[in-house]
Amino acid sequence: MLKLIHTADWHLGQTFHGQERHAEHHRFLDWLLDTLVVHEADALLVAGDVFDVVNPSLRAQELLYDFIVSAHECLPRLDIVLIAGNHDSGNRIELPAPLMRRLRTHALGRVSWLDDGTLDAERLLVPLTDSSGETRAWCLALPFLRPAEVTGHGLARAEHNEGEPGSDKPRNDYVVGISRVHEQLIDAARRRRQPGQALVAMSHAHLHGAAVSEASERPIVIGGEESISAGLFPADIAYVALGHLHRAQQVGEARIRYSGSPLPLDFSEVNYPHQVVEVMLEGETLTASEAIPVPRPVAMHRIGPAPLDQVLAELEALPHAPTLPREQWPWLEVRVELTAPVPDLRSQVEAALEGKAVRLLRLERRLPQIDTEGVKARVELAQLGPRKLFQHTWESRWGEPPGDDVLADFDQLLQDVLDDEGSDASRGVTGERHP
């Protein structure tokens, strides 16, 4: 039997509304190392988006390389396979590959081509061995494919005019190119494997029918036509380890799975079941797969959307600061539904949070939806002075004219601006630049 752990979308180095998450990632990797040891894993598959940006910080890179070294020290026969995701730089992922191979770690960041225009599939095939060193499976490690990598080399021309099955819509070159890359890689894997060896595909892609998270997943390709069919993975692929979508899910079959991200990457993901997947293979067959929940190093709270009075009451009910270090205090998002402007909204929220063991990251104002039907769509600015323009903007936003106190504040601000401009003019200051 061969035992794999499938994970993806670590996004090391992510800043969360301006706050770094180094401590959270560190605690996740410590937990993952313990999990690999306890479950006696033979291989770890990381299906892309290892880093959050193409130029990750030194601290983010240090997290990855320290983890790889520690994993090799604890499990000297563990195979680790990393692929680049759309957030990663393929070249950066591969840069230390010669050194990492000494630690039984294979880093694949890009595809390459042979002189005859066919895919260099051999470099993407990684043997997965059991505790005795016998090759029990082959990992088809396919990093994220950018359009420039797959729309040339004659890959798309053969099927350029073919449409999607059951559709009159022509297939775009990008999807055709991805399909041909998968076909060539699978063909090469079939030729390479011996009887009794399983095929495990790893890809960073968006499959048709998979559920996308609300806010945190970056579209892979401009135009939104990047999704591919699960039919690219034929039945003799025992398991498909996917990355990119942050919600853990299977796509059509139990053998085709997104592990999801191990940490919530946005407040919209606060209720996701974050996990890694334990995969068991016997011979050429998937015998079982089981989700292992990832403990959340730092909690996330969302309050609202609700009226201000209700939000403030919920904030007041939060517990006071415990003895936890500040880096472990929960992240907090507050969403307030407003029917009228509240100039001191932030100060009211911060006052309600005084002494509470949370870190406010985001304060969202939800404004009323105004029926703009019948409102004059075009306003000639030349016909309006600053005061009238301000009144018009306020009314279009709030559905009622500004009060006298608001207008008085605006008049004072406008006068301050005019006074500043007059002061600059008296000193001979202009907006012109001279060589």
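The structure under discussion appears in the preceding block.
Everything in this summary refers to the structure shown in the same document.

Counting its secondary structure elements, the protein chain contains ten helices and 17 strands. Residues classed as buried in the protein chain amount to 47% of the 435 residues present. The contacts in the protein chain between residues at least 6 apart in sequence include a share of 72% that link residues at least 24 apart. Surface accessibility of the protein chain: about 21800 Å² in total, with carbon and sulfur atoms responsible for 50%.

What the three strands build is an open sheet, ordered 15-16-17; its pairing is parallel. In this open sheet, the two edge strands, each paired with only one partner strand, are strand 15 (300-307) and strand 17 (359-366). Neighbour-to-neighbour, the strand axes of the sheet open up by a mean angle of 15°, direction not taken into account. As defined by bridge partners, strand 15 adjoins strand 16 (residues 331-337) across six bridges and the pair is classed as parallel. Counted as the bridge partner of Ile 303 is Val 334 from strand 16. Where helix 7 (residues 308-316) meets the sheet, its contacts fall on strand 15 and strand 16, and the angle it forms with strand 15 comes to roughly 150°. Contacts from helix 8 (residues 345-352) reach strand 16 and strand 17, with the element oriented near 140° to strand 17.

All chains considered together, the criterion is met by six aromatic pairs. Seen from their ring centres, Phe 390 and Phe 410 are 4.4 Å apart, and the 10° between their planes marks the pair as stacked. You can see Phe 390 sitting in helix 9 (residues 386-398) and its partner Phe 410 sitting in helix 10 (residues 404-426), a full 20 residues away along the chain. With a relative accessible area of 16%, Phe 410 lands in the buried category. Ring-pair connections join several aromatic residues into one group, and the members of that group are Trp 10, Phe 28, Trp 31 and Phe 67. Here Arg 21 stacks its cationic end above the ring of Phe 16, 4.7 Å away from the centre of that ring. Its end group placed over the ring of Trp 331, Arg 359 keeps NZ or CZ at 3.7 Å from the ring centre.

With that settled, the discussion passes to helix 2 (residues 58-74). An α-helical turn contains 3.6 residues, so any two residues separated by three or four positions project in the same direction. Taking 1.5 Å per residue as the helical rise, helix 2 with its 17 residues ought to reach 24 Å, and the 24 Å between its terminal C-alpha atoms agrees with that figure. Listed in full, the buried residues belonging to helix 2 are Ala 60, Gln 61, Leu 63, Leu 64, Phe 67, Ile 68 and Ala 71. Down the axis, helix 2 shows its buried residues gathered within 155° of arc, on one side only. Turned more than 90 degrees away from the buried face of helix 2 sit Leu 58 and Glu 73, all of them exposed. Contacts made by the buried residues of helix 2 are with helix 1 (22-38), strand 4 (43-47), strand 5 (79-83), helix 3 (90-94), helix 4 (97-101) and strand 6 (105-108).

Take unusual backbone geometry next. Cis geometry marks the peptide bond from Gly 304 to Pro 305; its omega dihedral reads 5°. In this structure, Pro 305 sits in strand 15. For Asp 9, which is not a glycine, the phi torsion comes out positive at approximately 55°. In this structure, Asp 9 sits in the loop between strand 1 (2-7) and strand 2 (15-16). Take Asp 9: its relative accessible area is 0%, and that puts it in the buried class. At Glu 40, a position not held by glycine, the phi torsion is positive, near 50°. On the secondary structure map, Glu 40 appears in the loop between helix 1 and strand 4.

Our next topic: the packing of helix 7 against helix 8. It is at 8 Å that the axes of helix 7 and helix 8 come closest, and there the two elements cross at 30°. Relative to helix 8, helix 7 is oriented roughly parallel. Residues Leu 308, Leu 312, Leu 315 and Glu 316 of helix 7 lie in contact with helix 8, whose contacting residues are Leu 345, Gln 348, Val 349 and Ala 352. In terms of residue class, the contact of helix 7 with helix 8 is made up of six nonpolar, one polar and one charged.

What counts, and where the lines are drawn
- Numbering of residues begins from 1 in every chain and follows the order in which that chain's sequence is written.
- Given that the model is predicted, a residue must reach a pLDDT of at least 70 before its local features are reported, and side-chain atom pairs must reach 80 or more before they are shown or counted; all residues, however, enter totals for whole chains, interfaces and linings.
- Where side-chain values are given, they derive from all heavy atoms of the structure, hydrogens and water being excluded.
- By the criteria applied, helices consist of DSSP H or I runs no shorter than four residues and strands consist of E runs no shorter than two, each listed in order from the N terminus.
- Between buried and exposed lies partly exposed: a residue is buried under 20% and exposed over 50% of the maximum accessible area for its type, with that area taken using a 1.4 Å probe on protein chains only.
- Contacts between residues were defined by any pair of non-hydrogen atoms, one from each residue, lying within 4.5 Å.
- Each accessible area is a Shrake-Rupley estimate made with a 1.4 Å probe; only the visible protein chains count as cover when residues are assessed.
- Note on pairing: DSSP must find at least two bridges between two strands before they are called paired.
- Interaxial angle, 0 to 180 degrees, is taken between N-to-C directions of lines fitted to C-alpha atoms, where a helix line uses only the stretch in contact.
- Pairing of aromatic side chains here covers Phe, Tyr and the six-membered ring of Trp, requires ring centres within 6.5 Å, and sorts the geometry by plane angle: under 30 degrees stacked, over 60 edge-to-face, intermediate tilted.
- Two conditions define a charge located above a ring, namely a distance within 6 Å from the ring centre to NZ of Lys or CZ of Arg, and an angle within 35 degrees of the ring normal.
- Expected span of a helix, by definition, is 1.5 Å for each gap between consecutive residues, and there is one gap fewer than residues.
- In this description, the arc belongs to the directions extending from the helix axis to the C-beta atoms.
- When an angle is under 35 degrees it counts as roughly parallel; over 145 it counts as roughly antiparallel; between 65 and 115 it counts as roughly perpendicular; any other value is oblique.
- Gly falls in the polar group here, along with every residue not listed as nonpolar (Ala, Val, Leu, Ile, Met, Phe, Trp, Tyr, Cys, Pro) or charged (Asp, Glu, Lys, Arg).

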